[in-house]
Amino acid sequence: MDVTITPRQGLKGLFSVPGDKSISHRALFIGALAEGTSVIKGLSRGDDPLSTMRCLRALGVEILDQRDQVTIVGRGLKGLRPARNELDAGNSGTTIRLLTGILSGQRFDSTISGDASLRRRPMKRIIDPLTMMGAKIKATENLTPPVAITGVPKLSSITYELPVASAQVKSALLFAGLFADGTTTVVESIRTRDHTERMLGLKVVAGGSKTVIEVEGGTKIEPRDFRVPGDFSSAAFLLVAGLLVPGSDLTIRNVGLNPTRTKLLDILCNHGANVAILNREVIGGEPVGDIRVRSSELHGDITLGGNDVAALIDEIPSLVVAWMFSNFNLTLRDARELRVKESDRIKALVVNLRAVGLDVTEFDDGFAFRGNNDVLGGVIDSFDDHRIAMAFGVAGLRTKEGIRVQRADCVSISYPRFWDVLQAM
Ligand code: S3P
């Protein structure tokens, strides 16, 4: 399916976005391992969390999906059952990596695979440390999925410093740590999203340049009521739409504002964005608020790299679109990780920025371009990547002639109604 987004004026109103994808996955995993029944409100029904749900059901977890809530009957740490077939993680890196952590500590064998994009994604980053813990995992020659996990009686705890800033790797190890003898310690030198530590109530010591997270093997997980806030990474697209479209004043309600996720807000506000956060509160241990945004002209060159990248990892497509219409430079370095997301996002962004007429320099680990207020529009390729499709859809609102997004259905990964919302804005 292709979608064409035409120029607009004056976006107004109140919006909400789907539940946070990262928190949705974790609520499902934690609910499945709890001793008793949990209820999840606000769970994202994007394809990725649905992949986690499908895998958990195949492992014997009873999950009742009603309109306004999901009920999950936890099986405790020892209650998962072997799946009959290969588990299908779809497009979801979070599903395959966190589930590999959990299944590494089971006594039975499992295999996890996914779609063509997932089967290109690197698993060495989790296989290496999980193997150090005593897990038995095989993948393809390139260390990509499918992953075949052989059951073991127990894992051993390790202390591991993450060589790559990845919340998925950290979380795979923390979940595996529940099935290990003693205390598993994960050390981060670049802070990544901390939902797993918050939701499992783990000990976190942040000192100097490092953060140390500990999990005790065998910790009993209590069932609970989860309330999932709106996904900041989805709100980012509406936020940028409100900034770019002249005469806009819109509010996105109930958005997760965890500081490990909101670097985009800091950057936009430092460069002239008219954004206010209203109704701040803490729900389920996560800061939440409403984001009010009014049209703004962004100004100033921007150079991003180092620690910025992890705190901005899913928002880089939105940020690029925000700068696309400024008359300033954006330079991104140290972002090699973007090459191993749902698509090679460096390539996808470079190809599409060129397709709408911008002059872009590509680096191994990033790119640089200068924005232009007068972008006409054009045809862009989503590369079957939800965030690429949504970012350029938003760009279409501000172009002179509109943007056609090819293969636009992929938005269902995180924001199934995105095109309806954008067309109705
Ligand atoms: C996620 C972590 C990030 C992010 C992904 C979701 C998570 O990946 O890009 O969309 O839920 O832990 P990395 O931590 O591998 O960068």
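Please refer to the structure placed before this passage.
For every chain, the first residue of the written sequence is number 1, and numbering continues from 1 onward in sequence order. In view of the model being predicted, local features appear only for residues whose pLDDT reaches at least 70, and side-chain atom pairs are presented and counted only at 80 or more, with totals across whole chains, interfaces and linings using the full set of residues. Values shown for side chains rest on all heavy atoms present in the structure; no hydrogens or waters enter the calculation.

Before going further, it helps to examine the packing of aromatic side chains. Only Phe, Tyr and Trp rings are paired, with Trp represented by its six-membered ring, and only when their centres lie within 6.5 Å; those with planes under 30 degrees apart are stacked, over 60 edge-to-face, the remainder tilted. By the definition in use, this model includes 5 aromatic pairs. Measuring from centroid to centroid gives 6.1 Å for F237 and F418, while their planes differ by 70°, and the two rings are edge-to-face. One end of the pair, F237, is in helix α7 (residues 232-244); the other, F418, is in helix α13 (residues 418-424), with 181 residues separating them in the sequence. Each member of the pair, F237 as well as F418, is classed as buried. Ring centres 5.1 Å apart and planes at 70° place the aromatic pair F418 and W419 in the edge-to-face group. Accessibility classification places F418 together with W419 in one group, the buried group. Here a set of aromatic residues connected by ring pairs shows up, and it is made of F237, Y415, F418 and W419. Sitting over the ring of F363, R333 keeps its end group 3.8 Å from the ring centre. Secondary structure is summarised from DSSP: a helix means a run of H or I of at least four residues, a strand means a run of E of at least two, and numbering begins at the N terminus for each. Only protein chains enter the accessibility calculation, which uses a 1.4 Å probe; a residue is then buried when its area is under 20% of its type maximum, exposed when over 50%, and partly exposed in between. By definition here, charges over rings are those cases where NZ of Lys or CZ of Arg is within 6 Å of the ring centre and within 35 degrees of the ring normal.

What follows covers the packing of helix α8 (residues 263-270) against helix α10 (residues 316-324). As a rule, the C-alpha atoms of each element are fitted with a line to give its axis, helices using only the stretch in contact, and angles between N-to-C directions run from 0 to 180 degrees. It is at 11 Å that the axes of α8 and α10 come closest, and there the two elements cross at 15°. The angle between α8 and α10 falls in the class roughly parallel. At the point where α8 passes α10, the crossing takes the right-handed sense. Within the contact between the two elements, α8 uses L264, I267 and L268 and α10 uses S318, L319, A322 and W323. Geometric relationships in this document are graded by angle, where less than 35 degrees denotes roughly parallel, more than 145 denotes roughly antiparallel, 65 to 115 denotes roughly perpendicular, and other angles denote oblique. Each crossing is labelled by how the near helix is turned from the far one, with a counterclockwise turn of less than a right angle marking it left-handed and a clockwise turn marking it right-handed. Only heavy atoms matter for contacts: two residues are in contact if any of them lie within 4.5 Å across the pair.

Once that is clear, we can look at the sheet that holds strand β15 (residues 210-216). Pairing is mixed across the open sheet formed by 4 strands, whose spatial order is β11-β13-β15-β14. Since the sheet does not close on itself, it has two edges, and those belong to β11 (159-161) and β14 (203-207), each with one partner. Strand-to-strand twist of the sheet, defined as the mean angle between neighbouring strand axes without regard to direction, takes the value 15°. Sheet analysis places β14 next to β15, joined by 5 bridges and oriented antiparallel. Should DSSP find at least two bridges between two strands, the strands are taken to pair.

Take the sheet that holds strand β4 (residues 62-65) next. In sheet architecture, strand pairing relies on hydrogen bonds along the backbone and comes in two forms, parallel and antiparallel. Taken in spatial order, the 4 strands make up an open sheet running β4-β5-β3-β16, and their pairing is mixed. On the outer flanks of this sheet lie β4 and β16 (225-227), each paired with one strand and no other. With direction set aside, neighbouring strand axes in the sheet form an average angle of 15°.

Once that is clear, we can look at the side chain of T262. Of note, T262 is situated in the loop between β17 (249-256) and α8. Residues within four places of T262 in sequence aside, it is in contact with F232, G256, L257 and A311.

The rolling of a water-molecule-sized probe over the atoms marks out the regions of remaining empty space. Counted as a void, the largest pocket has a volume near 570 Å³. Lining the largest pocket are 36 residues, with A165, S166, I313, E337 and K341 sitting closest to its centre. For the lining of the largest pocket, the elements supplying multiple residues, two or more each, are α1 (21-33), α3 (93-104), α5 (167-177) and α9 (308-311). Among the residues making up the lining of the largest pocket, the classes are represented as 9 nonpolar, 11 polar and 16 charged. Lining residues are defined by having an atom within 4 Å of a point belonging to a cavity or pocket. Those points lie on a 1 Å grid over the protein atoms alone, cavities being sets where a 1.4 Å probe fits but cannot get out and pockets being open sets with protein on both sides within 12 Å along at least five of seven lines. Grid points are joined across faces, edges and corners, and a volume is the space filled by probe spheres set on the points. Taken as a whole, the second largest pocket spans an internal volume of roughly 400 Å³. Lining the second largest pocket are 15 residues, and of these V17, P18, G19, L43 and R45 sit closest to its centre. Residue polarity follows a fixed list, in which Ala, Val, Leu, Ile, Met, Phe, Trp, Tyr, Cys and Pro are nonpolar, Asp, Glu, Lys and Arg are charged, and the others, Gly among them, are polar. Residues that form the lining of the second largest pocket fall into these classes: 6 nonpolar, 5 polar and 4 charged.

Before going further, it helps to examine the site of the ligand. Neighbouring residues are identified by heavy atoms, a residue being near a molecule or strand if any of them is within 4 Å of it. Neighbouring residues of the ligand: K21, S22, R26, T94, S166, A167, Q168, R193, I313, D314 and K341. Measuring from an oxygen atom of the ligand, one finds a side-chain N or O atom of K341 at 2.7 Å. In these tables, accessible area is a Shrake-Rupley quantity obtained with a 1.4 Å probe, and a residue counts as shielded only by the protein chains included in the view. Coverage of the ligand by the protein chains reaches 96% of its 380 Å² of free accessible surface. A molecule is said to be in a cavity or pocket once over half of its atoms fall within 2 Å of that pocket's grid points. More than half of the atoms of the ligand fall within 2 Å of the grid points belonging to the largest pocket. Counting residues per element, the ones that place at least two in the shell around the ligand are α1 and α5. Contacts described as polar in this section are N or O atom pairs within 3.5 Å, which, within protein, must combine one atom able to donate a hydrogen with one able to accept it, while residues neighboring in sequence count only if both atoms come from side chains.

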